[in-house]
Amino acid sequence: MDRLVIEGGARLSGEVAVSGAKNAALPLMCAGLLAGEPLALANVPRLQDVATMARLLAEMGVRIERDGSRMVLDCAAIERPEAPYERVKTMRASILTLGPLLARCGEARVSLPGGCAIGARPIDQHLKGLLAMGAELRVEHGTIQARARRLRGARILTDLVTVTGTENLMMAATLAEGETVIENAAREPEVADLAACLNAMGAHVSGAGTDVVRIRGVERLHAAEHRIMPDRIEAGTLLCAAAITGGEVRLTAAAPGDLDAVIDKLMDAGCEIAGERHAIRLRAPARLAAVSLRTAPYPGFPTDMQAQFMALDAVAEGTGVVRETIFENRYMHAQELQRLGADIRIDGNTAVVRGVARLQGAVVMATDLRASACLVLAGLVAHGETTVDRIYHLDRGYERVEEKLSQLGARIRRVH
Ligand code: EPZ
């Protein structure tokens, strides 16, 4: 099991490129299922989750060719419209195959994703929307058995904002008969990126990126090319790495417009930030000021950046209050930060983080993707050596993170 060993103290500086977005790549690969002709994706990140999704689709009969950051999915023949438990349990995003399979094949057998480290994460809204579109759904032995001769357009008002729920229903609706309206839709940039790809494939999606998405169903979709948007969470994480070390970086292949809430908080913490068309520059103060934040659906502060900001607050001047409103158990990084000497008090969904002058390196354990990133950030400034264990969590969502951080001057190495 790989681990990362970090020698704290280096001030990060230099330039690094941001990879394609994991949370856009995963639904986009599933969108390929909707057409009998090839979908070519560019700027595909090299991530464990992308490899898992590719394996899942290949087991269904999809032919996938990968050449560097380019991937072509040929879904002409889907032999087995199913996502078995052994795949789904390693990656919840497998649920994104349900809508496309049902729309394209008229049937699907997808395992219920269990809970995960950060919360129960039910998929009731996904199922509610598909039922509204006329799907017959049965759950037997932990597997969703779905059938629909042809889905019908419907008006769907989700009880809460769900990113993959919006994406699943949007994809299913592209081949439904009539118009579907999704109200209370997620506004994340990844939803808009998926809609752009679906429209390139011949779908009629409008309003993506707002809370009302309209989809006029068509008979079939066709071949298309699509370039995946930059990963705004990787970009935010790299900006935090520069911020926590008092450094100065320039991120290329980035989309500053997707990070307004994160950039606002980094400026409140004392960083100078300049956005260019496809780049972001940050210069950090010697010591950050603590910031308070509350996670919320886009365009609010992203829950996927909460752990990273807890690391910033752990060594900042002052006290920050962090409120996690999206997931019920997304503070597991706190006790690991406490092993490094952080002063954090958790009370329900609120964490009070009192900045300390210095963290002490230690062995810590990653528990989920963004918690891993938080511990790496803390290791960059902790005094002495920090070892982050179980970094397979990190590899799910960050491409070659130690190489990118080394490129910026971090003293970090992977130990097999
Ligand atoms: C997506 O997960 C992201 N994953 C997550 O990123 C991200 O944290 C999350 O959105 C919130 O922004 C992908 O896009 C692949 P939700 P998703 O459905 O879609 C509840 C990462 O680190 N809910 O928006 O699963 C749910 O329990 C990952 O890259 C229901 O109750 O999140 C949660 O409390 C982690 N019923 C809240 O809504 C449902 O049917 C938001 O979940 C669906 C969701």
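Above this text sits the structure in question.
Treat the numbers as computed from the prediction; the structure is a model and nothing was measured.

Colleague: Provide a residue-level description of the overall build of the chain, including the pertinent values.
Modeller: Counting secondary structure elements, the chain contains 14 helices and 24 strands. Overall size of the chain, expressed as C-alpha extent along the three principal axes, is 65 × 45 × 40 Å. Considering the chain as a whole, with its 416 residues, one finds that 57% of them fall into the buried category. Sequence separation of 24 or more characterises 74% of the internal contacts of the chain that already satisfy a separation of 6 or more.

Colleague: Go over empty space enclosed by the protein, please, and point to the residues and values.
Modeller: Tallied over the full model, the rule gives 2 cavities of 30 Å³ or more. For the largest cavity, the calculated volume is near 100 Å³. Taken together, 13 residues form the lining of the largest cavity, with T237, L238, Y398, V401 and L405 sitting closest to its centre. Looking at the lining of the largest cavity, the elements with two or more residues in it are α8 (232-244), α12 (369-381) and α14 (401-407). For the lining of the largest cavity, the leading source of residues is α8, giving 4 residues. Looking at side-chain class alone, the lining of the largest cavity contains 9 nonpolar, 1 polar and 3 charged residues. The space that makes up the second largest cavity amounts to roughly 40 Å³. What lines the second largest cavity is simply A21, K22, N23, E190, D231, R232, I233 and R370. Within the residue set of the lining of the second largest cavity, elements represented by two or more residues are α1 (22-31) and α8.

Colleague: Can you explain the sheet that holds strand β15 (residues 248-252)? Please cite residues and give values.
Modeller: Across the sheet, 4 strands lie side by side as β2-β15-β17-β16; this open sheet has mixed pairing. Of all strands in the sheet, those with a lone pairing partner are β2 (13-17) and β16 (272-275), marking the two edges. Averaged over all adjacent pairs, the angle separating strand axes in this sheet is 10°, with direction ignored. The pairing of β2 with β15 spans 5 bridges and is classified as parallel. Its bridge partner lying in β15, G14 is registered against V249. Packing against the sheet, α8 makes contact with β2, β15 and β17 (279-283), and its axis sits at approximately 165° to β15.

Colleague: Outline the pairing of strand β23 (residues 385-389), listing residues and values.
Modeller: Summarising burial for β23: 4 of the 5 residues are buried, a large majority. Summarising the sheet, strand β1 (residues 3-7) and β23 pair through 4 bridges and their orientation is antiparallel. From the neighbouring strand, I6 faces β23, where its bridge partner is T386. As paired strands, strand β22 (residues 363-365) and β23 are joined by 3 bridges and run parallel to one another. Counterpart to M365 in the pairing with β23 is D389. Taking the sense of rotation as the criterion, the β-α-β connection linking β22, α12 and β23 turns out right-handed.

Colleague: Please provide a residue-by-residue account of the layout of surface pockets, values included.
Modeller: For the second largest pocket, the calculated volume is near 340 Å³. What lines the second largest pocket is a set of 21 residues, among which I244, T245, A286, A357 and V381 lie closest to the centre. Sorting the residues of the lining of the second largest pocket by element identifies α8 and α12 as the ones contributing at least two each. Here the lining of the second largest pocket is composed, by residue class, of 12 nonpolar, 6 polar and 3 charged.

Colleague: Explain the sheet that holds strand β10 (residues 155-157) to me, using residue names and the numbers behind them.
Modeller: The 4 strands are arranged β10-β11-β13-β12 in an open sheet whose pairing can be described as mixed. Only two strands of the sheet have a single neighbouring strand rather than two, namely β10 and β12 (204-206). Strand-to-strand twist across the sheet, computed as the mean angle between neighbouring axes with direction ignored, equals 15°. Pairing geometry for strand β11 (residues 179-183) and strand β13 (residues 212-216), over 5 bridges, is antiparallel. From the neighbouring strand, I182 faces β13, where its bridge partner is V213. On the sheet, helix α6 (residues 163-173) packs against β10, β11, β12 and β13 and is oriented at approximately 170° with respect to β11.

Colleague: Just give me the short version of α1, but keep the residues and values in it.
Modeller: Most of α1 is tucked away, with 9 of its 10 residues classed as buried. Those residues of α1 not exposed but buried are K22, A24, A25, L26, P27, L28, M29, C30 and A31.

Colleague: Residues and numbers for the packing of aromatic side chains, please.
Modeller: Under the definition given, this model contains 1 aromatic pair. Seen from their ring centres, F301 and F309 are 5.0 Å apart, and the 85° between their planes marks the pair as edge-to-face. Residue classification places F301 among the buried positions, given a relative accessible area of 4%. Residue F309 is classed as buried on the basis of its relative accessible area, which comes to 0%.

Colleague: Residues and numbers for the environment of L127, please.
Modeller: Within the secondary structure layout, L127 lies in helix α5 (residues 124-132). Through-space distance from the C-alpha of L127 to that of A146 is 9.6 Å; in sequence the pair is 19 residues apart.

Colleague: Now, about the pairing of strand β4 (residues 63-67): what can you tell me, with residues and values included?
Modeller: A small share of β4 lies buried, amounting to 0 of its 5 residues. Two elements, β4 and strand β5 (residues 70-74), share 5 bridges in a ladder whose sense is antiparallel. From the neighbouring strand, D67 faces β5, where its bridge partner is R70. What sits between β4 and β5 in their antiparallel hairpin is a turn of 2 residues, with G68 showing a positive phi close to 65°.

Parameters and conventions
Residues numbered from 1 in each chain as written. Predicted model: local features only at pLDDT ≥ 70, side-chain atom pairs only at ≥ 80, totals over all residues. Heavy atoms only, no water. Helix = DSSP H or I, 4+ residues; strand = E, 2+ residues; numbered from the N terminus. Buried < 20%, exposed > 50% of the residue type's maximum accessible area, 1.4 Å probe, protein only. Contact = heavy atoms within 4.5 Å. 1 Å grid on protein atoms, 1.4 Å probe; cavity = no way out; pocket = protein on both sides within 12 Å on 5 of 7 lines; lining within 4 Å. Points joined across faces, edges and corners; volume = space filled by probe spheres on them. Nonpolar A, V, L, I, M, F, W, Y, C, P; charged D, E, K, R; others polar. Pairing = 2+ DSSP bridges. Axes fitted to C-alpha atoms, helices over the stretch in contact; angles between N-to-C directions. Right-handed = clockwise from strand over helix to strand, strands pointing away. Phe/Tyr/Trp six-rings, centres within 6.5 Å; stacked < 30°, edge-to-face > 60°.

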